[in-house]
Amino acid sequence: MNAKPETPLLDKVRLPSELRALDEAQLPQLASELRAELIDAVSQTGGHLGAGLGVVELTVALHYVFDTPDDRIIWDVGHQAYPHKILTGRRDRIRTLRQENGLSGFTKRAESEYDPFGAAHSSTSISAGLGMAVARDLNGGRNNVIAVIGDGAMSAGMAYEAMNNAGALDARLIVILNDNDMSIAPPAGAMSAYLARLASGRTYAGVRELGKKLTSYLGRRVDRAITRAVEHARGFVTGGTLFEEMGFFHIGPIDGHNLEHLIPVLKNVRDNGTGPVLIHVVTQKGKGYAPAEAAADKYHGVNKFDVITGAQAKAPANAPSYTKVFAESLVQEAREDDRIVAVTAAMPSGTGLDLFGEAFPSRTFDVGIAEQHAVTFAAGLATEGMRPFVAIYSTFLQRAYDQVVHDVAIQKLPVRFPIDRAGFVGADGPTHCGAFDTAYLASLPDFVVMAAADEAELRHMVRTAAEFDEGPISFRYPRGNGVGVDMPERGQVLEIGKGRIVREGTKVALLSFGTRLKDCLLAAEELGAAGLSTTVADARFAKPLDEDLIRRLARSHEVLVMVEEGSVGGFSSQVLDFLARNGLLDNGLKVRPLTLPDSFVDHANPDKMYVDAGLDSAGIVRAVFAALGKSAQAARA
Ligand SMILES: Cc1ncc(C[n+]2csc(CCOP(=O)(O)OP(=O)(O)O)c2C)c(N)n1
Ligand SMILES: CC(=O)[C@@H](O)[C@H](O)COP(=O)(O)O
Ligand SMILES: [Mg+2]
């Protein structure tokens, strides 16, 4: 275990008010101790590190200059907010980050008054900040509202919707564009190239012009320190930037690691000016920790690691991850069919499309954080006969629901949706839990909705989706590793709307949708041992349902339990609806849906989450006994 860093100055700063009592000359030391504390804490918990390292100085400067929590700081995504948490009364719990009952890995209103807005999905900060600014004005308040948004998050439409509105309202809102020239992967798109041009100072102003311009916004208080800050290194961009055209006063770029530059600029913006202002701050993701600076992903998200070497802990795996199986299967199909193309919204490594991109660079599209566009872009591809796969996390597809309905489903376009991170995701908590996709997709007419029970099934579903041209089709699979089943050389095309019986019994039927199948099989063993002959079926499809299979299970068993890792309203609800409409509930069948709880479940270890949700084998056994009016113990006795 590495020695805990010495942090004599940070030890005296529990809250921002104590930070504000420091002399400005002490701030570089504070920043250095804060960085060491951050590295040490994340080495023990794992989590998002690179983004936080990049905003250490910015965090210190913001809390030094602004009167938080009355002044509101909104961190976009919130993954970079660990230094903010350390400075805002949460240092004593920082080593509980992302663990059960510990601090959230993102900003969270319930956690602290210094977190005025919860996040984890990107590009919400300017909208939320504008709402707060307008509310302040309506209430006659005077506090500042500061939205800190990354260059990656700046690719999402919502950021522009918010700026468009802010420019029109002319509300006093401070936006800090934290430009580290990185998303999770290197950023994609024309906006990123534009920011790079601004940051490289293509358009310099002369000192006089700069002075005039700053004075026009900041009043006469523009001092030499600010002029120096914005002149420094890259120079000051004048006139006609996109942000100015949208009604923002645009300052920068300035060096986001230089407190002597940050503090005078922030103070002057705090004390002067009207209307919305955007400060373009240039930072380095992973700053100040050599292994992070050298890493391709700048240590965006890490496991526990050794501080000296940077080596990350790796859990031993007996099976490949679902993500990898998906990616390799798609590459395999794409070798056979050049109409297959792949789309990701800024998640090439998370979705496995980095592998696809290596094999087929010209058929891979990283559209940036732009889920809505990703879906409609794929719809356009499909209209011209391409076979697009939009590989996306369940939670992020939520953002593109109207595009799924209006652009894809109504037009019956064959867009394929491989849905990763379906179900509990563990440490990222409720914002990233893939709970709702089955409910929101299976309610759409003619949508084909599948879930893979294991990695071999996933391979079949990739092939099935590739060859299905009749309309939209999705298949879901969870975060983490497969079960370790034998893999077919190539996937088979599954019959649409047909499930499979995995084990035959007579009294109890367990109907699984997705990877809970293995717990159903364990439960069936236990039920069998207790004298309850149990059938286990893998539904494969939530839409269209395998009606014959369900009818058979309902008619020939006393108990029918549906098991899924999704919200209420999903697969089980589809089955219940079918049973009710077809009179299959009229003869005393005991039916129990086992779904995710109807609540937002906080971050924890996924295995524990399954137990708490009753979705492990013991929970399934309990549900069967409860349906039969017995306790599990009594039945065993
Ligand atoms: C809507 C949405 N899509 C995707 C993600 C996944 N994601 C989290 S952080 C991130 C990169 C953000 O880049 P940037 O805003 O530049 O922040 P940085 O990590 O560089 O500080 C992505 C793609 C997300 N959180 N929300
Ligand atoms: C903040 C964010 O949205 C991503 O970094 C996310 O945490 C990645 O999750 P995975 O680790 O499951 O890819
Ligand atoms: Mg970035």
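Preceding this paragraph is the structure being described.
Overview of the structure. Bear in mind that the values here come from a model prediction, so they are computed numbers and not experimental data.

## With respect to the nonpolar core
Grouped together as the largest cluster of nonpolar side chains are 57 residues, with contacts concentrated most on L19, L49, V60, L62, I176 and I279. Other than its neighbours up to four places away in sequence, L19 contacts V13, L27, L30, V60, H63, Y64 and L87. Ranked by size, the runner-up nonpolar core spans 52 residues in total, among them V404, L441, L549 and I550.

## Some thoughts on the pattern of salt bridges
Going through the model one piece at a time under the given rule, you end up with 41 salt bridges. Residue R90 is joined to E111 by a salt bridge in which the shortest nitrogen-to-oxygen separation is 2.9 Å. Of this pair, R90 sits in helix 5 (residues 82-90) while E111 is found in the loop between helix 5 and helix 6 (125-138), placing the two residues 21 residues apart along the sequence. Across the pair D469 and R416 runs a salt bridge, and its minimum N-O distance is 2.8 Å. With D469 in the loop between helix 21 (455-467) and strand 14 (473-476) and R416 in strand 12 (residues 416-420), the pair connects residues that are 53 residues apart, well separated along the chain. Looking at D469, the relative accessible area reads 33%, which means it is partly exposed. A cluster of three or more residues bridged by salt bridges with shared partners is formed by D11, E37, D40, R91 and R95.

## Overview of the packing of helix 4 (residues 56-65) against helix 5
For any two helices packed against each other, one specifies the inter-axial angle together with the distance between the axes. Running from amino to carboxyl end, helix 4 crosses helix 5 at an angle of 40°, the nearest separation of the two axes being 9 Å. As for the relative orientation of helix 4 and helix 5, their crossing is right-handed in sense. On the side of helix 4, the interface is formed by V56, T59, V60 and H63, while helix 5 contributes P83, H84, L87 and T88. Taken together, the residues of the contact of helix 4 with helix 5 break down into four nonpolar, four polar and no charged.

## Some details on the site of ligand 1
The full set close to ligand 1 counts 21 residues, and H79, A120, G152, K285 and E371 are the nearest of them. Here a nitrogen atom of ligand 1 and a side-chain polar atom of E371 are 2.6 Å apart. Here ligand 1, which alone exposes 580 Å², has 97% of that area covered by the protein. When its residues are assigned to classes, the shell around ligand 1 shows nine nonpolar, eight polar and four charged.

## Some words on helix 23 (residues 547-556)
Residues of helix 23 that are buried: L549, I550, L553 and A554. Around the axis of helix 23, the buried residues are gathered within 125° of arc, so they sit on the same side. Lining the buried residues of helix 23 we find strand 15 (500-503), strand 16 (508-513), strand 17 (534-538), strand 19 (559-564) and helix 24 (571-581).

## Examining the sheet that holds strand 3 (residues 145-150)
With parallel pairing, the five strands of this open sheet are ordered in space as 2-3-4-6-5. Across the chains shown, the open sheet's two edge strands, defined by having one partner strand only, are strand 2 (72-75) and strand 5 (249-255). Each strand of the sheet is rotated relative to its neighbour by a mean of 20°, with strand direction disregarded. Here strand 3 runs beside strand 4 (residues 174-179); their pairing, made up of five bridges, is parallel. Within the sheet, the bridge partner assigned to G150 lies in strand 4 and is N178. Of the strands in this sheet, strand 2, strand 3 and strand 4 are in contact with helix 4, which crosses strand 2 at around 160°. Against the sheet, helix 6 makes contact with strand 2, strand 3 and strand 4, and its axis sits at roughly 175° relative to strand 3, the strand it touches most.

What counts and how
Residues numbered from 1 in each chain as written. Chains lettered and ligands numbered in written order. Predicted model: local features only at pLDDT ≥ 70, side-chain atom pairs only at ≥ 80, totals over all residues. Heavy atoms only, no water. Core = buried A, V, L, I, M, F, W, Y, C linked by side-chain atoms within 4.5 Å. Buried < 20%, exposed > 50% of the residue type's maximum accessible area, 1.4 Å probe, protein only. Contact = heavy atoms within 4.5 Å. Salt bridge = Lys/Arg side-chain N within 4 Å of Asp/Glu carboxyl O. Helix = DSSP H or I, 4+ residues; strand = E, 2+ residues; numbered from the N terminus. Axes fitted to C-alpha atoms, helices over the stretch in contact; angles between N-to-C directions. Left-handed = near helix turned anticlockwise from the far one by under 90°. Nonpolar A, V, L, I, M, F, W, Y, C, P; charged D, E, K, R; others polar. Near = heavy atom within 4 Å. Polar contact = N/O pair within 3.5 Å; in protein donor to acceptor, adjacent residues only side chain to side chain. Areas by Shrake-Rupley, 256 points an atom, 1.4 Å probe, with all protein chains shown as cover. Arc of directions from axis to C-beta. Pairing = 2+ DSSP bridges.

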